[in-house]
Amino acid sequence: MDVVWFLVLSAFIFVIGAAGVLTRRNPLVVLLCLELMLNAGNLALIAFSRMHGDGDGQIFALIVMVIAACEVVIGLGIIVAMYRRRLPIDVDEMSELRG
Amino acid sequence: MSATSFGWLVLAFPLAGLLVIALAWRVLPGRSAGWIGSAAILGSFLSSIAALIDLQDHAENNRQLVDSAWTYASTADFNVDLAILVDPLSVFMCLVVSGVSFLIHVYSVAYMGGDRGYARFFAYLNYFVFSMLLLVLAANFVLLIVGWAFVGAASYLLISFWYRRGTATYAGIKAFVMNVIGDVGLVIAAFLLLRETGQLDYLGVFEAAQDEFSRNDGTLVAACLLILVGAFAKSAQLPLHTWLPDAMEGPTPVSALIHAATMVTAGVYLIARCFPLFELAPTAADVSAIIGTLTLLMAASIALVVTDLKRVIAYSTMSQIGYMVLGVSVGAYGAGLFHLMTHAFFKALLFMGAGSVIGAMAGIQDMDRMGGFKRAMPFTFVTFAIGALALAAFPLTAGFFSKDEVLAFTINRGGGFWVLAIVGYLAAAATAFYAFRMVFRVFYGEAVPEANELEGGHVAHGEPVNPMTGESEDTDVGFPGPEHHIAERSLPMKVAMAPLAVLALVAGVVAVPGVTDTLETFLDPTFESSRYHDTAPTEGSELIGLGIGGLISLTAIGAAFVVYLRRRGLTLELRDRFARVHGFLAHKWYFDELYDAVFVRPMATLGTFGRRVIETDFVQGFIVGGTTGIVRAGTSFARAIQTGFLRAYALLLLFGVAALVLYFLIAS
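Residues numbered from 1 in each chain as written. Chains lettered and ligands numbered in written order. Predicted model: local features only at pLDDT ≥ 70, side-chain atom pairs only at ≥ 80, totals over all residues.

1. With respect to the overall build of chain B
Step number 1: Helices and strands together make up the secondary structure of chain B, namely 26 helices and 2 strands.
Step number 2: In chain B, which comprises 668 residues, the share counted as buried stands at 52%.
Step number 3: Excluding contacts between residues fewer than 6 apart, the proportion of contacts in chain B whose partners are at least 24 apart in sequence is 81%. (Helix = DSSP H or I, 4+ residues; strand = E, 2+ residues; numbered from the N terminus. Buried ≥ 20, exposed ≤ 12 C-beta atoms within 10 Å, placed from the backbone. Contact = placed C-beta atoms within 7 Å.)

2. Some remarks on the overall build of chain A
Step number 1: When helices and strands are counted, chain A shows 3 helices and 0 strands.
Step number 2: Ordered by position from N to C terminus, the α and β elements of chain A give α-α-α.
Step number 3: For chain A, the C-alpha radius of gyration of 16 Å lies well beyond 13 Å, the compact-globule estimate for 99 residues.
Step number 4: Along the longest, intermediate and shortest principal axes, the C-alpha atoms of chain A span 50 × 25 × 25 Å. (Rg over C-alpha atoms; globule rule 2.2 N^0.38 Å.)

3. Overview of the pairing of strand β2 (residues 79-86) of chain B
Residues and elements named next belong to chain B.
Step number 1: Here strand β1 (residues 65-74) pairs with β2 via 8 bridges, running antiparallel. Within β2, the position partnered with S68 by the bridge is A83.
Step number 2: From the end of β1 to the start of β2, which pair antiparallel, there are 4 residues. (Pairing = 2+ DSSP bridges.)

4. Description of the environment of L505(B)
All names here are of chain B.
Step number 1: Summarising the element assignment, L505 is placed in helix α20 (residues 491-506).
Step number 2: Owing to 20 C-beta atoms within 10 Å, L505 belongs among the buried residues under this scheme.
Step number 3: Here the alpha-carbon distance between L505 and T397, two residues 108 residues apart in the chain, equals 4.6 Å.
Step number 4: Setting aside anything within four residues of it in sequence, one finds L505 in contact with I386, T397 and A398.

5. Notes on the nonpolar core
Step number 1: The biggest cluster of nonpolar side chains holds 228 residues, and the ones touching the most others in it are A348(B) and A504(B).
Step number 2: Not counting residues within four places of it along the chain, the set of residues in contact with A348(B) comprises V100(B), L103(B), I104(B), A256(B), A260(B), A261(B) and L500(B).
Step number 3: Within the second largest apolar cluster, 11 residues are counted, among which are A18(A), V30(A), L31(A) and M37(A). (Core = buried A, V, L, I, M, F, W, Y, C linked by C-beta atoms within 7 Å.)

6. A few points about the domain arrangement of chain B
Step number 1: Under the domain assignment used here, chain B contains domain 1 (3-531 + 539-586) and domain 2 (592-667).
Step number 2: Between the C-alpha centres of domain 1 of chain B and domain 2 of chain B there is a distance of 62 Å. (Domains from an automatic or database assignment.)

7. A closer look at the interface of chain B and chain A
Step number 1: Opposite the 11 residues of chain B that make contact, chain A presents 11 residues.
Step number 2: At the level of secondary structure, the elements contributing two or more residues to the side of chain B that touches chain A comprise α25 (591-641) and α26 (646-667) of chain B.

8. Examining helix α16 (residues 378-391) of chain B
Residues and elements named next belong to chain B.
Step number 1: A rise of 1.5 Å per residue sets the reference length of α16, with its 14 residues, at 20 Å; its end C-alpha atoms lie 20 Å apart and thus fit the reference within 8%.
Step number 2: With 10 of 14 residues buried, α16 is to be regarded as a mostly interior element.
Step number 3: Listing the buried residues of α16 in full gives T380, F381, T383, F384, I386, G387, A388, L389, A390 and L391.
Step number 4: Tucked into the core, α16 has its buried residues touching α14 (309-329), α15 (333-360), α17 (398-413), α18 (417-443) and α20.
Step number 5: Backbone geometry just after α16 places A393 at a positive phi near 60°. (Expected span 1.5 Å × (residues − 1).)

9. Considerations on helix α10 (residues 252-261) of chain B
Residues and elements named next belong to chain B.
Step number 1: Among the 10 residues in α10, 10 count as buried, and that is most of the element.
Step number 2: Regarding α10, the residues found buried are T252, P253, V254, S255, A256, L257, I258, H259, A260 and A261.
Step number 3: Looking at the buried positions of α10, the neighbouring elements they touch are α3 (88-111), α4 (118-137), α5 (141-159), α14 and α15.

10. As for the environment of R647(B)
Step number 1: Position of R647(B) among the secondary structure elements: in helix α26.
Step number 2: When neighbours within four sequence positions are excluded, R647(B) is seen to be in contact with L22(A) and V91(A).

11. A short note on the packing of α14(B) against α15(B)
Two measures define how a pair of helices packs: the angle their axes make with one another and the distance between the axes.
All names here are of chain B.
Step number 1: Here α14 crosses α15 at 175°, and the two axes come no closer than 9 Å. Judged by the angle between their axes, α14 and α15 are roughly antiparallel. Contact residues: α14 offers L309, K310, I313, T317, Q320, Y323, M324, G327 and V328, while α15 offers Y333, A335, G336, H339, L340, H343, K347, L350, F351, A354, V357 and I358.
Step number 2: Residues that form the contact of α14 with α15 fall into these classes: 13 nonpolar, 6 polar and 2 charged. (Axes fitted to C-alpha atoms, helices over the stretch in contact; angles between N-to-C directions. Parallel < 35°, antiparallel > 145°, perpendicular 65-115°, else oblique. Nonpolar A, V, L, I, M, F, W, Y, C, P; charged D, E, K, R; others polar.)

12. Some words on the packing of α18(B) against helix α22 (residues 539-566) of chain B
All names here are of chain B.
Step number 1: Running from N to C, α18 and α22 point in directions that differ by 40°, and their axes come no closer than 8 Å. In this view, α18 runs oblique relative to α22, as classed from their interaxial angle. Relative to α22, α18 is oriented so that their crossing is right-handed. Of the residues in α22, those in contact with Y425, A428, A429, A432, F433, F436, R437, F440 and R441 of α18 are I548, G549, I552, S553, A556, I557, A559, A560, F561, Y564 and L565.
Step number 2: Class assignment of the residues belonging to the contact of α18 with α22 gives a composition of 16 nonpolar, 2 polar and 2 charged. (Left-handed = near helix turned anticlockwise from the far one by under 90°.)

13. Details of the environment of I666(B)
Step number 1: Within the fold, I666(B) resides in helix α26.
Step number 2: Through-space distance from the C-alpha of I666(B) to that of F45(B) is 104 Å; in sequence the pair is 621 residues apart.

14. Points about the confidence of the model for chain B
Residue and element names in this part refer to chain B.
Step number 1: The pLDDT averaged across chain B works out to 84; a share of 100% of its residues lies at or above 70.
Step number 2: Across chain B, element-level confidence peaks in α26 with a mean pLDDT of 90 and bottoms out in helix α23 (residues 570-577) with 75.
Step number 3: Interface confidence for the predicted complex, expressed as ipTM, amounts to 0.84; the pTM equals 0.79. (pLDDT = per-residue confidence, 0-100.)

15. Quick word on unusual backbone geometry
All names here are of chain B.
Step number 1: Along the chain, L238 connects to P239 via a cis peptide bond; the corresponding omega equals -5°.
Step number 2: Tracing the backbone through its elements, the reader meets P239 in the loop between α8 (218-235) and α9 (243-246).
Step number 3: Although it is not a glycine, A393 sits at a positive phi angle of roughly 60°.
Step number 4: According to the C-beta neighbour criterion, A393 is buried, with 31 such atoms within 10 Å.

This is the structure:
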């Protein structure tokens, strides 16, 4: 199968994830959408790996997964902390970084 | 031991006294600090006598001994040594300075007895005397300037000795600033002499100056005028005199020390020391003579109207220093220094008497409040009257011979100097008048309550107040102590005043025209190269001068007698008749006001301008405000991006990545 199909699918998933990150205000959903984006990247990496016939891309994909796991841990930790302190679970309310 | 070893000892004693008192003041019991200080100065005095005796053993042409302790600064072609010069002039000065200072120390032991700063006072006094002796003994201009600056610092410390009294600290600052002006003049003069002659030792400079400079050479005149700036600042001559009357803020013994022995005579000494330079630059010497004459006239006229007892004596000092400056400027070195010596005796005596009276008045210094102390204070009266007689140049007292010798020399120079001499005689009349104005107003007339109280056996104890402003004060450290001392009740004060009274009467014997010339002969080795060495006035003219001087003195004392005792209302009448003259004199010829308008006010305006405009508008507004403004404006864009909205950041990130991707796509 031509690598283009994989890339198109990957692009779709990436755009869906990006749209979710940009439009949703619930941090849980934002995290899920981030996972979508990462995994879209993974899909592209695997596809290229098969196209070239070597394992480099797969190793990259594995590392991305590890990073994604770390990121999810931190993200969920922040959400739990927010919940404990009874802060609104809404990314727009978290605007402490405003200059 | 040689004369120079004794010279070093003269310096070592007060330095040791200073260090002992300054380091051990906590453990010194009672009045021991005062006795240690006095003993140190006595040691100095005895060493001076030893140096004198040793010096007399030398051949006459070998009486200028230089001894160097070590090299202070060494460069390729010239060295500055820490060296002293022992010659008749410096030994004479050492004798006067240490002798009179010793008596003032003894007087202070009792007079300052109740003050909380007792040990500090004597440490300062010893430092003052040490500085003055260093100045006098220095063998080169560098050490002279060191001593010169030390004297200024010591006077600052002592004038503002009561440091919690506002007027005293202001007076100290004033004296110090005036003195620094003089220091600067002296330093520049030393630079000029170094540039022209290549050395700084007195003897070397004087010798080189003879070959280096023609008569009235421009550079030499400039150097001499700068030396005069230094001398006039120290000796309180026009126009740098305004600090002296304010220096009365210090304790009375300090006034005596500054006026009689240590400080104000430094200028006279310097002019006498640098006589070879001044004789090569007669223009500078003439300027000095004229300024001395103006000062003596001005100060004598102010002393006629001032009512503060100590300030009257202060102006009289200024006036008498004017005579000395006139003397040493016209070439009458022996006469000028003779007057310096007799003046030291009677002026110290007058201040001690004034201190005793002020003690009886519980700190009040205004003559308007005094009167009738004659019966209550017989000892003070007699000694003060002797001092006043000597100041008034009453025939046969010490001041009589010295002052008239100066004026006889001045006349002898002829030409325009006649005018100076006439002004001198005029001021002599004023001097005799104000001297007895003090005596008649303080000791005669109706007895004030304090005098009656004292006759009843009780020294008055007023509220502690500042005599200048009338503010009530504490008696804690930094203020005058609670106790008041009068000579009648305190042996050290009597012991100090009695010898001075004797000297004020008889010190004239060292130079009676036609009879003795001890002082002239003694000082001769220093001054024999003088151009005016052989132009002394004849005995006849000196005797005529003495006659005129005595007549003037007697007339003026008689006038004071009439004005202040016979016709009491006359002074008020005169004051009202000549209100403008009186106002002019009472405002001290408006010098303070003039300096205020010319120097202080413009500087203050400049300072206010700097604070308001330069500091606020330029520095704060433009430099500081400008940079922060630029940074703030520059960062406003960056701040606008930082919205704090997480999703906005994500969008930007996405656009950024998209842009990168597009770039690479297009580029490839």
